[in-house]
Structure formats: structure tokens, C-alpha cells
Amino acid sequence: MNFYRQPAPQELGIDQGLLWSALLLLCIGLVMVYSASIAMAEAERFTGFRSSYFLGRHSVYIAIGVVAAAVIFRVPLWVLQRAAPWLFLLGGLMLVAVLIPGIGHEVNGSRRWIPLGIAGFQPSELMKLFVVLYAADYTVRKAAFMDDFRKGFLPMFAVMTLIAALLLREPDFGALVVITTIAMAVLFLGGLNWRLFAGLAVLLAAAFVVLIVSSPYRFQRIVGFMDPWSDAYGKGYQLSHSLIAFGRGEWLGVGLGASVEKLFYLPEAHTDFLLAVIAEELGFAGVAAVITLFLFLVHRAFAVGRRAASLERYFAALVAQGVGVWLAAQAFINMGVNMGLLPTKGLTLPLLSFGGTGIVVNCMAVGILLRIDHENRYLMKGGSL
């Protein structure tokens, strides 16, 4: 196939709903990251006491992400399918590299970043995309063995156990939960025997309970989640201030830029707890708008996947639905943490929160969704891949 002889996207059209929902989330994120980070940027020496420090960096990350999305949009899906095992291997090697002293950089007791001069690179974010591609490719290759424990399930379980061990060494429990959810969902959507799936779900639930109980800091987060007000200045500090932000926002918010909680009360206001700032400044209306955009984005991802499946493009279908599961799961966990529905966990809000690697990889995922839709339309017009 010579891709460059295919009709241009403007000739075939692209999924406008998918594109604009993603762009609107990026724009909302840019405005709210700036609002949430002004006080911190003006007070920190490393920012040069410039209020626009995080705005500038986030703008650059979005620009890089949009370019990366445009580049990956030009890559045919069959190329990504052939590269999927190698990309997954590369992701695993990066997870090993980040644990090596001198290569990985430790922040707040976690070794999750590889310094790249003026910015840090987080391998676990890229691994989410690689897991989507690998799980989809694996499921398509093993389609005839999805009912077979030894041939269909066990190989995937073995490699995911290795990835889980590496993520726990960082530690990055949040990324582990998201990556595990992606892998399980893709296998299930690809036809994994429901008994195997149910058994795995029970096993994973038990494993997560053991991990939480055996780790003092994770256990303290659960205690703080159950009753944040019992120790509002200790283990319940983040959640209590997040809930205060939601309470102050009421229906329409206190006004853009008028948040009090971002003034050094709410930690990680521009990253993990950006939704709390949105709730305080824009109120229930702002939070509802963000949730609606995410629901629509995920809906379009699954719609693109269903259309690919109807064209018997099973790898493309699983990739589209895997991306939908990924964005939905991560957004749900972040929102649940901010609202006090889930224990505090260090996960950003996709397409909105400040963070270089996360924003770039999220944009790449959207670029792949648009590519799948583009190829679907090309085939429906009578073309061949």
C-alpha cells in the first residue's frame, strides 16, 4: 500500500466530534492549568517567579502533542500492528531504565522520570499507548485461542505481570491500575473466555487489596479516604481541600481565577487536582461540561471501533476501543479521587492536567483514533489498504 496516494483527510472527512471534543479539552486544560498554577509559579525560584511559567511549558507540550498526533496520523495502522510487539518491548526496557540510578530521576520517593535536559520523560505514560497496541495485536494473533488458558491467556498474563512488577518498583500504582484495565478490557473485547475474565478480575481485586494492605503509605491513603476530616491536616489533607473546593464552587463557581484553594492549600492543583480548581472556579457547570466532553470523546472512540469491526478490521477496532477504555478509566479515577469517591492516587486528568509526557501521549492516541476513522472512510469509499 502506498499511503500517500490515498485521498487527503479533507477529501474523505474526519470525525469532527472526536476532533473537536479533544481540542476543547486541550483548550480548557490550557486555561485552567494557567489559572491553577499562577500562585505557585510566582512563588517558586525555579520558575523565575514568573506567573506564566507553567502556561508557557504547557503550551509547548500541547504544541508538541499536536505535531506528534499529526505525524502518527500519517502512519498506516498495519505499520503500527507490525511494530506493536517491538514498541511494547521498548516500553518495558524504558521501565527498566527508569529504575537505574543515574538514569531515572527520583521525585517525592518515586523514580518515574528520565531527565531530558529542560524536561522529564515518564515511560509509564508511553507504556499505556504501547499496551493498547500490543494487547490489540496479541488478541488478533491469538483469536483462535481465546478460550485456551495456556495458549491464549497465560502468555499475556506473564508479560503483564513483569510490567506490573516494574511499575510497582517505581512505584506507580495509578499507572498499574490503568494499564491493567486496558489489557483486561482489550482481551475481553477480543473474545477472552468470560470464565477466565471473571477469574482474573477476582484475582486482580485480591492482589490489589494485598498491595494496599501490605504498603503502609497506600493503607494510610485508604484510611484518609474513608474519613478525611478525622485528620484534615495529615493523611486527609489533599482530599479535604479538594472537597472544600467543590463545596465553594456550588453551581456556577466563584469565577475564573478566583480560586482560594489553589493558593497553596490544595497540593498538585495544576496536575492531579485540576478538576477541583475547575469545580471551585467554574462550579458544577464547569465540571459537567468536562465530564460531557469526556463521555462524548469515549463514545466517538467506541463508534470508530465499531465501524472498524464492521469492516473486519479487528486490530483497528480493538485499538480504538482500547484508547477509549484508557481515557475513560484514567479520567474516571482522577475525577473519583477529586470528588472523594476513590482513594487518593497520583493520576492526571487526560488532555487537561499539566504534564509533558502525558499530554503528548494523549494527543498521539487521538491521532491514532483519527487515523482509524480515516482508513474506515477510505474503505467505505471503495478503496483498499
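Values in this document were obtained by computation on a predicted structure and should not be read as measured data. Counting restarts for each chain: residues are numbered from 1 in the order of the written sequence. At least 70 in pLDDT is required for a residue's local features to be given in this predicted model, at least 80 for side-chain atom pairs to be given and counted, and no such filter applies to totals for whole chains, interfaces and linings, which use all residues. With hydrogens and water excluded, all non-hydrogen atoms of the structure serve as input to the side-chain values.

Caption draft 1: Main features of the overall build of the protein chain. Secondary structure counts use DSSP, requiring at least four H or I residues in a row for a helix and at least two E residues in a row for a strand, with both numbered from the N terminus. Per the secondary structure count, the protein chain includes 13 helices and three strands. For 385 residues, the compact-globule estimate of 2.2 N^0.38 gives 21 Å, and the protein chain sits close to it at 21 Å. Along the longest, intermediate and shortest principal axes, the C-alpha atoms of the protein chain span 60 × 50 × 45 Å. With 385 residues in all, the protein chain has 50% of them scored as buried. In what follows, residue pairs with any heavy atoms lying within 4.5 Å of each other are defined as contacts. Nonlocal contacts in the protein chain, meaning residues at least 24 apart in sequence, comprise 71% of its contacts between residues at least 6 apart. Only the protein chains shown count as cover for residues, and all accessible areas are computed by the Shrake-Rupley method using a 1.4 Å probe. Just so you have it, the protein chain exposes about 17200 Å², and 67% of that area is on carbon and sulfur atoms. Only four residue types enter the charge count, namely Lys and Arg as positive and Asp and Glu as negative; His and the chain termini do not. By convention, the charge on Lys lies at NZ, on Arg at CZ, on Asp at CG and on Glu at CD. Computed over 28 positive and 22 negative side-chain charges, the inter-centroid distance for the protein chain is 9 Å. The reference for a compact globule is 2.2 Å times residues^0.38; the radius of gyration itself is calculated from the C-alpha atoms. Three exposure classes are used, based on accessible area relative to the maximum for each residue type with a 1.4 Å probe and protein chains only: buried under 20%, partly exposed in between, and exposed over 50%.

Caption draft 2: Spatial organisation of the nonpolar core. Side-chain atoms within 4.5 Å link the members of a nonpolar core, which is a set of buried Ala, Val, Leu, Ile, Met, Phe, Trp, Tyr and Cys residues. Ranked by size, the top nonpolar core spans 107 residues in total, and within it Val290, Val319, Trp326, Leu352 and Ile372 carry the most contacts. Setting aside residues up to four positions removed in sequence, Leu352 forms contacts with Leu25, Ile28, Gly29, Val33, His58, Leu274, Ile278, Val290, Phe294 and Ile359.

Caption draft 3: Layout of the packing of helix H5 (residues 123-141) against helix H12 (residues 314-339). Simply put, an axis is a line fit to the C-alpha atoms, just over the touching stretch for a helix, and the angle between two N-to-C directions goes from 0 to 180 degrees. It is at 9 Å that the axes of H5 and H12 come closest, and there the two elements cross at 140°. The handedness of the crossing between H5 and H12 comes out as right-handed. In this structure, H5 contributes Lys128, Leu129, Val132, Leu133, Ala136, Asp137, Thr139 and Val140 to the contact, and H12 contributes Tyr314, Phe315, Leu318, Val319, Gly322, Val323, Trp326 and Gln330. Classification convention: Asp, Glu, Lys, Arg as charged; Ala, Val, Leu, Ile, Met, Phe, Trp, Tyr, Cys, Pro as nonpolar; all other residues, Gly among them, as polar. Split by residue class, the contact of H5 with H12 holds 11 nonpolar, three polar and two charged. In this scheme the crossing of two helices becomes right-handed for a clockwise turn of the near helix relative to the far one and left-handed for an anticlockwise turn of less than a right angle.

Caption draft 4: Spotlight on unusual backbone geometry. The omega torsion of the bond from Glu170 to Pro171 falls at -10°, within 30 degrees of zero and hence cis. With respect to the helices, strands and loops of the structure, Pro171 is situated in the loop between helix H6 (149-169) and helix H7 (173-189). Positive phi values are uncommon outside glycine, yet Glu250 reaches one of about 50°. Classification of Glu250 by relative accessible area gives exposed; the value is 59%.

Caption draft 5: The environment of Gly346, seen in detail. Tracing the backbone shows Gly346 in the loop between H12 and helix H13 (356-380). Judged by relative accessible area, which is 26%, Gly346 ranks as partly exposed. Remark: the alpha-carbon pair of Gly346 and Lys142, spanning 204 residues in sequence, is separated by 34 Å. If we ignore the near neighbours within four places in the chain, the residues touching Gly346 are Arg112, Arg221 and Asp272.

Caption draft 6: Spatial organisation of the confidence of the model for the protein chain. Confidence of the predictor in every single residue is expressed as pLDDT, which spans 0 to 100. Looking at the protein chain, pLDDT values average 91 and 98% of them are 70 or higher. Taken element by element, the predicted model of the protein chain shows its lowest mean pLDDT in helix H1 (residues 9-12) (70) and its highest in helix H11 (residues 274-310) (98).

Caption draft 7: Highlighting the packing of H6 against H7. Running from N to C, H6 and H7 point in directions that differ by 165°, and their axes come no closer than 9 Å. The orientation of H6 with respect to H7, classified from their angle, is roughly antiparallel. The hand of the H6/H7 crossing is right-handed. Residues Met156, Met160, Ala164, Leu167 and Leu168 of H6 form the contact with H7, whose participating residues are Phe173, Ala175, Leu176, Ile179, Ala183 and Leu187. Roughly parallel means an angle under 35 degrees; roughly antiparallel, over 145; roughly perpendicular, 65 to 115; everything else is oblique.

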